[in-house]
Amino acid sequence: MGKSGSGKTSMRSIIFSNYIARDTRRLGATIDVEHSHVRFLGNLVLNLWDCGGQEAFMENYFASQRDHIFKNVEVLIYVFDVESRDVEKDMHYYQSCLEAIMTNSKDAKIFCLIHKMDLVQEDQRDKIYNERVQELQTRSLPLQVIPFRTSIWDETLYKAWSSIVYSLIPNVQLLESHLDNFCKICEADEIVLFERMTFLVIAHSTRVDNGDVHRFEKISNIIKQFKLSCSRTQGSFQSMEVRHSNFAGFIDYLTGNTYVMVIMSDPTIQSAATLMNISIARKHFEKLEGAQFSK
Amino acid sequence: MLFAGPDNHLLEFVVFQSSFACAVLTVISRIIKMYQGIEDAGIKRLWKRTALVFAASYLLWNIDFRLCDVMQTLPLGLWNPQLHAVWHVGAAVCSYMSALLVCHNRSENMGRQPVMRYGDDLADEDRESRPRLMLMGLRRSGKSSIQRVVFHKMSPTETLFLESTSKINKDNIHSFIDFQVWDFPGQMDFFDPAFDTTAIFGEVGALVFVIDSQDDYMEALARLHSTVVAAHRVNPNITFEVFIHKVDGLSEDYKIDTQRDIQQTTTDELADAGLENVQLAFYLTSIYDHSIFEAFSKVIQKLIPQLPTLENLLNILCANSGIEKAFLFDVISKIYIATDSSPVDSQSYEICSDMIDVIIDISSIYGRAAIGAKSQGYLDDQQNAAEDWTQQQDGHNDDEDPTGAQRSQENHSQAVVSSGSRAGSIDNQSTSQSGGNHEAFSVIKMGNGTVLYLREVNKYLALICLLRAETFEKQGLIDYNVHCFKEAMDQVFELKRAERTRREMEANQMLEQQHHNGMYGHG
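All figures in this text were calculated on a predicted structure; none of them were measured in a lab.

Enquirer: Provide a residue-level description of the overall build of chain A, including the pertinent values.
Expert: Across its full length, chain A carries 9 helices and 10 strands. Relative to its full complement of 295 residues, chain A shows a buried share of 55%. In chain A, of all internal contacts separated by at least 6 residues, the share reaching a separation of at least 24 is 65%. Summed over all atoms, the accessible surface of chain A reaches about 13,700 Å², with 50% contributed by carbon and sulfur.

Written out as structure tokens, the structure reads:
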């Protein structure tokens, strides 16, 4: 949810429908609520309700459709336009929204995205963001919100959505512990698990810290772009290997729904060994995934 | 010499002398600064000589002035040598030479490339072997944007904020071939008599004329016509390239119509002017997609003397390894400088250039960890990628480079390039890596059975091959063939480098011999 024109549909199109940022200009306003069902990790179906933000709709949500909209909400993603002129009004709607959530689905997680951060001057970003977060947190008490700053033009969007999705995956700890194990066996620096369609990060395991905290989002962004250009040439991205003087990176599909990225830094380990490891791990993770979702 | 004035004039004396001394010191410090900024050895020599002549004449004058009596009554009946007259002559010579130096400095600051010549007989002196590429067109047609996007990795959306160019902007590109891009301001009038057309068109390799297709292009065509006529008169060897630019805003049909219309009009007009044999190449370009890179690739290819050899090598490689298509890419600009003779479809070019992006981006994330430990903090994100790419090659190439000629050239104008371009990092310190024999290498497999195979050839170039998954099963064979290809490439460029060094040495010798009749010219 969020005010009209704040970028909800653009965001959704980029993450789930393979739009590129530039094309989102063509999107029109969302009328009422657009429901979409996204299959994530194969069996996990996300029901995404993209709620049109024009005032008439908003009033409607809080009044006549209140039950319908706010029942059984797992996650509320509220988008704020950082450039918005009428902050007071935004907050008003936000608070009504929270009230509705409180009464109808108590356990919902709430994510607030401060969107369009690219429009703010670079040196001002931290300051403005912190101010907004502060205000949001006081306003949304007693509920806890998780704030993110986002922009469709860079990788911050992937960061926010990765965390949102992460919170929705059942049994993610189990997955992570297996990944840790795999990482140890391969002697890899780092292993990252991505969802196949969206290339959002699901889990990762790091043995050697890289220092760049935004690297996963960057990789998501990079590979997503590349996938798009692949599809333009009637091919789909399958796997890649990058070898350099001081690292070797492998990106390959792991299960039907995930990609894995393995980063090695020991130059004496042959590519074939790592590829073999990945293909062996494939079976294991497929089994794991099957068990996880059949529950 | 100082004159001790009467005591009541002491203040006047002090004020005058001190202000004079200040002025002299300022001038001297400025001169020293100017001298330190000089890189050309010939010019440096001229500076030293000027200073020497001046010092000598000044000394002679003082001898004449102080020891006049002695001079009048020289032993052995010798005449007075009239050292004061010698001083005058010396001062004249010295002011001539310093005027030359000031001219040289001035035109260098104005961005021309003055060349010092001694005597008339050096007409065939060592020309700057760097091809020149000119960007011309009406104002706001997108010349600077093109230059920024292609050579400085600016994102196309940022070019909206570029200010209009007011003076000729020269940009040295250091890559596989060194060339210069001159960005001309659109409003410049070449037919102003003050404008030295010979200097400008004399050495151009290619002239790129940019036409804004979204605008009414009649005026642009008239300008194109006059430019071609003028440039062709001066230098018939120039290749003319016409970029029909900003086609991203046009529909597919309209694009073709526009191109046909422009092509027809210009060729007709040139035929009327009696220049039927001038070949113009037309490209539809836009900075928002790969078309500008493709067009530039074709332009640059014409400037590479070794192109036939490279193409031949690539053909052999393709034939022997079952490769469908091979591109030799310049990594930094993503221009392909050669490809095999099978037709290029823009899709495969696009995928290859995207692949380079992906690899550079990923390397900048993960390659950093190891480098960062050694030389922390001197990389910024932008340069990181190219740095990383070139790093292990730096050490490797040094051994092979017998002269250092190329490297010194790079140093020469590093300041120009490093402003915002990835290329700037080329000469940064090279931390030699322990695993130096590992060159960048990458394989991307696609769902439709295509495999993209990338291998670094040297510090600027990468070979990208498209092949079928079936062929790729024999990866060892392909690795070996690519290795052979690399060796062949090295040989080709070893020759070129040796040639260049030889010419430089000859030119230096000539300068040494003929320094007496200093004559100055530029262009």
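Enquirer: So what about the side chain of Ser151(A)? Which residues, and what values?
Expert: Residues and elements named next belong to chain A. Tracing the backbone through its elements, the reader meets serine 151 in the loop between β5 (145–149) and α6 (156–168). Since its relative accessible area comes to 1%, serine 151 is described here as buried. Among the polar contacts listed, one links the side chain of serine 151 to the backbone nitrogen of tryptophan 153, at a separation of 3.0 Å. Not counting the four nearest positions on each side in its chain, serine 151 is found in contact with His115, Lys116, Met117, Asp118, Thr156 and Leu157.

Enquirer: An account of the pairing of strand β10 (residues 441–446) of chain B is requested, with residue identities and associated values reported.
Expert: Along β10(B), 5 of the 6 residues are buried, which leaves the element largely enclosed by surrounding structure. Here 6 bridges tie strand β8 (residues 237–243) of chain A to β10(B), and the two strands are oriented antiparallel to one another. By the bridge assignment, Val242(A) is partnered in β10(B) with Ser442(B). Of the pairings in the sheet, the one linking β10(B) to strand β11 (residues 450–456) of chain B comprises 5 bridges and is antiparallel in character. Bridge pairing links Phe441(B) to Arg455(B) in β11(B). Connecting the antiparallel pair β10(B) and β11(B) is a turn made up of 3 residues, with Gly449(B) showing a positive phi of about 85°.

Enquirer: Quick one: what's the story with the packing of helix α7 (residues 218–234) of chain B against helix α8 (residues 252–272) of chain B, residue by residue and with numbers?
Expert: Residue and element names in this part refer to chain B. Running from N to C, α7 and α8 point in directions that differ by 40°, and their axes come no closer than 10 Å. On the basis of their axis angle, the class for α7 and α8 is oblique. Between α7 and α8 lies a crossing whose hand is right-handed. Contacts between α7 and α8 pair Leu221, Leu224, His225, Val228 and Val229 from the former with Ile262, Thr265, Thr266, Glu269 and Leu270 from the latter. Split into classes, the residues belonging to the contact of α7 with α8 amount to 6 nonpolar, 3 polar and 1 charged.

Enquirer: Can you explain the pattern of salt bridges? Please cite residues and give values.
Expert: With the rule as written, the count across this model stands at 14 salt bridges over all chains. Ionic contacts of the salt-bridge type, sharing partners, join the residues Arg12(A), Glu34(A) and Asp50(A) into one network.

Enquirer: How would you sum up the environment of Ala231(B)? Please name residues and give values.
Expert: Tracing the backbone through its elements, the reader meets Ala231(B) in helix α7. Note: C-alpha distance between Ala231(B) and Val204(B) (27 residues apart in sequence) is 9.2 Å.

Rules used in this analysis
Think of each chain on its own: its residues are numbered from 1, step by step along the sequence as written. Here the convention is simple: chains get letters from A, ligands get numbers from 1, in the order in which they are written. Restriction of local features to residues with pLDDT of at least 70 applies here, the model being predicted, together with a cutoff of 80 or more for giving and counting side-chain atom pairs; totals for whole chains, interfaces and linings are based on all residues. Think of the side-chain values as coming from all heavy atoms in the structure, minus any hydrogens and water. Helix and strand definitions here come from DSSP, where helices need a minimum of 4 consecutive H or I residues and strands a minimum of 2 consecutive E residues; each element is numbered from the N-terminal end. Any residue under 20% of the maximum accessible area for its type is buried, any over 50% is exposed, and the rest in between are partly exposed; the area is computed with a 1.4 Å probe on protein chains only. Any two residues whose heavy atoms approach within 4.5 Å at even a single point are treated as in contact. Only the protein chains shown count as cover for residues, and all accessible areas are computed by the Shrake-Rupley method using a 1.4 Å probe. Definition of a polar contact: a pair of N or O atoms within 3.5 Å, with one able to donate and the other able to accept a hydrogen when the atoms are protein atoms, and with sequence-neighbouring residues admitted only if both atoms are side-chain atoms. Strand pairing requires that DSSP identify at least two bridges connecting the strands. A fitted line through C-alpha atoms represents every axis, and for helices the fit uses only the stretch in contact; the resulting angles, taken between N-to-C directions, go from 0 to 180 degrees. Here is the rule for angles: anything less than 35 degrees is roughly parallel, anything more than 145 is roughly antiparallel, 65 through 115 is roughly perpendicular, and the remaining ranges are oblique. In this scheme the crossing of two helices becomes right-handed for a clockwise turn of the near helix relative to the far one and left-handed for an anticlockwise turn of less than a right angle. Each residue is assigned to one of three groups, with Ala, Val, Leu, Ile, Met, Phe, Trp, Tyr, Cys and Pro labelled nonpolar, Asp, Glu, Lys and Arg labelled charged, and all others, Gly among them, labelled polar. Take a side-chain nitrogen of Lys or Arg and a carboxyl oxygen of Asp or Glu: if they are within 4 Å of each other, that pair is a salt bridge.

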